[in-house]
Amino acid sequence: MIAQHAPPAPGASAIGPTAGTPAKLTSVMVVVCIFLVVAAYLLGSIPTGYLLVRVFRKQDIRTLGSGNIGATNVLRSGAKGLGAATFFLDVLKGSAAVWLGAILAPHLALLAPARSIEAVAALMAVIGHMFPAWLGFKGGKGVATGFGVFVVAAPAAALAALAVFAILFALSRYVSLSSIAGTACFPVFAWFLVSGNRPAFFIAVQAVVSLLIILKHHQNIRRLLNGTENRFGSGAALRRTA
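In this text the structure is predicted, and so the values were computed from the model without any measurement. (Residues numbered from 1 in each chain as written. Predicted model: local features only at pLDDT ≥ 70, side-chain atom pairs only at ≥ 80, totals over all residues. Heavy atoms only, no water.)

**Overview of the overall build of the protein**
Quick reminder of the rule: Secondary structure is summarised from DSSP: a helix means a run of H or I of at least four residues, a strand means a run of E of at least two, and numbering begins at the N terminus for each. Only protein chains enter the calculation, and the probe is 1.4 Å; a residue is then buried if its accessible area is under 20% of its type maximum, exposed if over 50%, and partly exposed in between. Where accessible areas are quoted, they stem from the Shrake-Rupley method and a 1.4 Å probe; at the residue level, only the protein chains shown are allowed to cover.
Of the regular secondary structure elements, the protein holds ten helices and zero strands. Along the protein, helices (α) and strands (β) appear in the sequence α-α-α-α-α-α-α-α-α-α when read from the amino end. Here the protein holds 242 residues, and the buried ones make up 41% of them. Entry remark: accessible area of the protein is about 12800 Å², with carbon and sulfur atoms responsible for 71%.

**A word on the side chain of S95**
Counted only if it meets this: Any pair of residues with heavy atoms lying within 4.5 Å of one another is described as a contacting pair.
Examined against the element boundaries, S95 turns out to sit in helix α4 (residues 80-104). Take S95: its relative accessible area is 4%, and that puts it in the buried class. Excluding anything up to four places from it in sequence, S95 contacts G148, V149, V151 and V152.

**Structural notes on helix α8 (residues 175-193)**
To be explicit about the condition: Between the first and last residue of a helix there are one fewer steps than residues, each counted as 1.5 Å, and that sum is the expected span.
With 19 residues, α8 extends 25 Å between its outermost C-alpha atoms, agreeing within 8% with the 27 Å of an ideal straight helix rising 1.5 Å per residue. Tucked into the core, α8 has its buried residues touching α3 (71-76), α6 (143-153), α7 (155-172), α9 (200-215) and α10 (218-226).

**Quick notes on the side chain of H217**
How we decide: Whenever two N or O atoms come within 3.5 Å, that pair is a polar contact, provided that in protein one can donate a hydrogen and the other can accept it, and provided that, for residues adjacent in sequence, both atoms are side-chain atoms.
Within the secondary structure layout, H217 lies in the loop between α9 and α10. Within polar-contact distance, the side chain of H217 engages the backbone oxygen of I213 at 2.7 Å.

**Some thoughts on the nonpolar core**
Cut-off, in case you're wondering: Take the buried residues of types Ala, Val, Leu, Ile, Met, Phe, Trp, Tyr and Cys, join any two whose side-chain atoms come within 4.5 Å, and each joined set is a nonpolar core.
Among the nonpolar cores identified, the biggest contains 39 residues, and L36, V149, F150, F186 and V209 are the most heavily contacted of them. Of all the secondary-structure elements, those providing two or more residues to this core are α1 (24-45), α4, α5 (114-130), α6, α7, α8 and α9. The element best represented in this core is α5, accounting for nine residues. Apart from residues no more than four positions distant in its own chain, F186 is found in contact with F150, A154, A157, A158, A161, Q206 and S210. Grouped together as the second largest cluster of nonpolar side chains are ten residues, I61, I69, A79 and L82 included.

**Describing the confidence of the model for the protein**
Rules: What pLDDT reports is the predictor's confidence in each residue, on a scale of 0 through 100.
In this model, the protein carries an average pLDDT of 88, and 86% of its residues clear a pLDDT of 70 or more. Note on residues 1-23: pLDDT is under 50 here. Beyond four places in sequence and across chains, it has 13 contacts. Every residue in residues 237-242 scores below 50 in pLDDT, and together they form 15 contacts with partners more than four places removed in sequence or on other chains.

**Observations regarding the pattern of salt bridges**
Short version of the rule: Any Lys or Arg side-chain nitrogen found within 4 Å of a carboxyl oxygen on Asp or Glu counts as a salt bridge.
In this structure the tally under the stated criterion is four salt bridges. With a shortest N-O distance of 3.3 Å, D90 and K93 are connected by a salt bridge. With D90 and K93 both in helix α4, this residue pair falls three residues apart, about one helical turn. The pair formed by D90 and K93 is uniform in burial state, with each residue classed as buried. When the shortest N-O distance is used, the salt bridge between R223 and E229 registers 2.7 Å. On the basis of relative accessible area, E229 is assigned to the buried category, the value being 11%.

**With respect to the packing of α6 against α9**
To keep things clear, this is the line we draw: Helix axes are fitted only over the stretch in contact, all axes being lines through C-alpha atoms; the angle between N-to-C directions runs from 0 to 180 degrees. Roughly parallel refers to an angle under 35 degrees, roughly antiparallel to one over 145, roughly perpendicular to one between 65 and 115, and oblique to any angle outside these ranges. Crossing handedness follows the turn of the near helix against the far one: under a right angle anticlockwise gives a left-handed crossing, and clockwise gives a right-handed one. By the convention adopted, Pro, Cys, Tyr, Trp, Phe, Met, Ile, Leu, Val and Ala count as nonpolar, Lys, Arg, Asp and Glu as charged, and the other residues, Gly among them, as polar.
Across the interface, α6 lies against α9 with an axial gap of 10 Å and an inter-helix angle of 160°. By the angle class used here, α6 and α9 are roughly antiparallel. As α6 runs across α9, the sense of the crossing is left-handed. Between α6 and α9, the residues in contact are V143, G146, F150 and A153 and F202, Q206, V209, S210 and I213, respectively. Of the residues in the contact of α6 with α9, the class split is six nonpolar, three polar and no charged.

**So, the packing of α5 against α9**
Following both chains from N to C, one finds α5 and α9 inclined at 15°, their axes separated by 9 Å at the closest point. By the criterion of interaxial angle, the relationship of α5 to α9 is roughly parallel. The two elements α5 and α9 cross, and the hand of that crossing is left-handed. Along its contact with α5, which presents R115, S116, A119, V120, L123, V126, I127 and M130, the element α9 presents F201, F202, V205, V208, V209, L212 and I213.

**Details of the packing of aromatic side chains**
Two aromatic rings, taken as a pair, are described by how far apart their centres are and by the angle between their planes. Where we set the bar: Pairing of aromatic rings covers Phe, Tyr and Trp, the last through its six-membered ring, and needs centres within 6.5 Å; plane angles under 30 degrees mean stacked, over 60 mean edge-to-face, and all others mean tilted.
Under the counting rule described, the total for this entry stands at three aromatic pairs. Ring centres of F150 and F186 lie 3.7 Å apart, and the angle between their planes is 15°; on these two criteria the pair is classed as stacked. Here the residue F150 occupies a position in helix α6, and F186 occupies one in helix α8, the gap between them amounting to 36 residues. As far as burial versus exposure is concerned, F150 and F186 are alike and both buried.

Set out below in structure tokens:
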């Protein structure tokens, strides 16, 4: 005989093994979701390159080189130590956002798998870096922050993408081309190297973040096609011309 299941009582959740969870939990989940989205965005939106150059060199990095606030432009401005610090802090803030998602995931177990919750945090951190409210929504290209979220969410795939970057950079000396190639390869590596539960949303966010980073390089892509992109260490003028 086939067992007959009674419909859930009004106000009770029919999701997962915890059917009948009080409605109060839904309010908690909403608050946690909002907190995670806002906190991850704020973490990502910290303009580390801008702040470091402003504090230690009394300059606006947006008026130097490419005008970008990321580690490469800070490094090209002549501040090697600040460039390294910018890269490290941008990676750290991306990683911190995903760690926060992992911490809060148990509170959202009825809503989505833990990896999907981490993916939300990853996406918001990268968006925060690219579009920080503090700088008129004009931020960096997301390479270091993207690596930070990837290295926590899918470490093996992130390291494989880093290897692609390193090899191509050694051969070409183009930071932009190497970044684009490494970023484009990441979702493929993640597909094959991530084990265990792989929710569709988790996979989709990896592809979306990679696409956003590549799109942020649209000017670099144009210069690469035109043969006018600067190679790293080429000594290009620091003062912005456009």
